[in-house]
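Architecture and fold: a report
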Amino acid sequence: MRHQTFDSNGPDVRIRGNAFQVYEKYLALARDAQTAGDRIAAESYFQHAEHYFRIIGLINEQSGENQRGREGRNGNGAPNGHGGANGNGQDQFGDDQDDDEDADAEDERAQMNA
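In every chain, residue numbers begin from 1 and rise along the written sequence. It should be noted that, the model being predicted, local features are given only for residues of pLDDT at least 70 and side-chain atom pairs only at 80 or more, the latter also being counted only at that level, while totals for whole chains, interfaces and linings use all residues. Just so you know, side-chain values use all the structure's heavy atoms and leave hydrogens and water out.

As a further point, take the nonpolar core. Side chains of a nonpolar character, in soluble globular proteins, are inclined to be buried together. Throughout this description, the term nonpolar core refers to a set of buried Ala, Val, Leu, Ile, Met, Phe, Trp, Tyr and Cys residues connected via side-chain atoms within 4.5 Å. Each residue gets one of three labels from its accessible area relative to the maximum for its type: buried under 20%, exposed over 50%, partly exposed in between, using a 1.4 Å probe on protein chains only. Ranked by internal contacts, the top residues of the largest apolar core, which has 17 residues, are Tyr26 and Tyr52. Only DSSP runs of H or I with at least four residues qualify as helices, and only runs of E with at least two residues qualify as strands; both kinds are numbered from the N terminus onward. Counting residues per element, the ones that place at least two in this core are helix 1 (19-35) and helix 2 (39-71). For this core, the leading source of residues is helix 1, giving eight residues. Pairs of residues are marked as contacts when any of their non-hydrogen atoms sit within 4.5 Å. Tyrosine 52 has contacts with Phe6, Ser8, Ala19, Val22, Tyr23 and Tyr26, leaving out every residue within four places of it along the chain.

Moving on, we get to the pattern of salt bridges. What counts as a salt bridge is simple: a side-chain nitrogen of Lys or Arg found within 4 Å of a carboxyl oxygen of Asp or Glu. Under the defined criterion, the tally for this structure stands at three salt bridges. Arginine 14 is paired through a salt bridge with aspartate 7; the nearest N and O atoms lie 2.5 Å apart. Judged by relative accessible area, aspartate 7 falls into the partly exposed class, the value being 36%. Put simply, glutamate 50 and arginine 54 hold a salt bridge, and the shortest N to O gap is 2.8 Å. Here glutamate 50 pairs with arginine 54, and both are found in helix 2, just four residues apart, close to one helical turn. When salt bridges with common partners are traced through the structure, they connect Asp7, Arg14 and Arg16 into a single cluster.

Turning our attention to helix 2. The end-to-end C-alpha distance of helix 2, which contains 33 residues, comes to 47 Å, matching closely the 48 Å that a straight helix rising 1.5 Å per residue would cover. Those residues of helix 2 lying buried are Ala42, Tyr45, Ala49, Tyr52, Ile55, Ile56, Ile59 and Gly64. In this structure, the buried side of helix 2 is in contact with strand 1 (6-9) and helix 1. A helix is expected to span 1.5 Å for every residue after the first.

Spelled out as structure tokens, the structure:
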């Protein structure tokens, strides 16, 4: 979705490009309208820009989840650096606790990095 081309029909303009390009163009149009004293047009352009800003956020969120999914797990489906459960139901540290603590810590790190 990051490279998807959008064809936006704004109030009196047609803009084409990826989400970031369309967002930037609407911001520029809003600033120009604001400078010219047209508050109504400026607000309309800002609302269109906000729509594309939200799309950019969704794209970044999805790519972040995909990135964490690829980097956060090893071939066995266990978090990197962990061998997962061994044959007797215990993890590599010899206890029978789940790796929930590891998953919680990984989630906290992901939220801090977002």
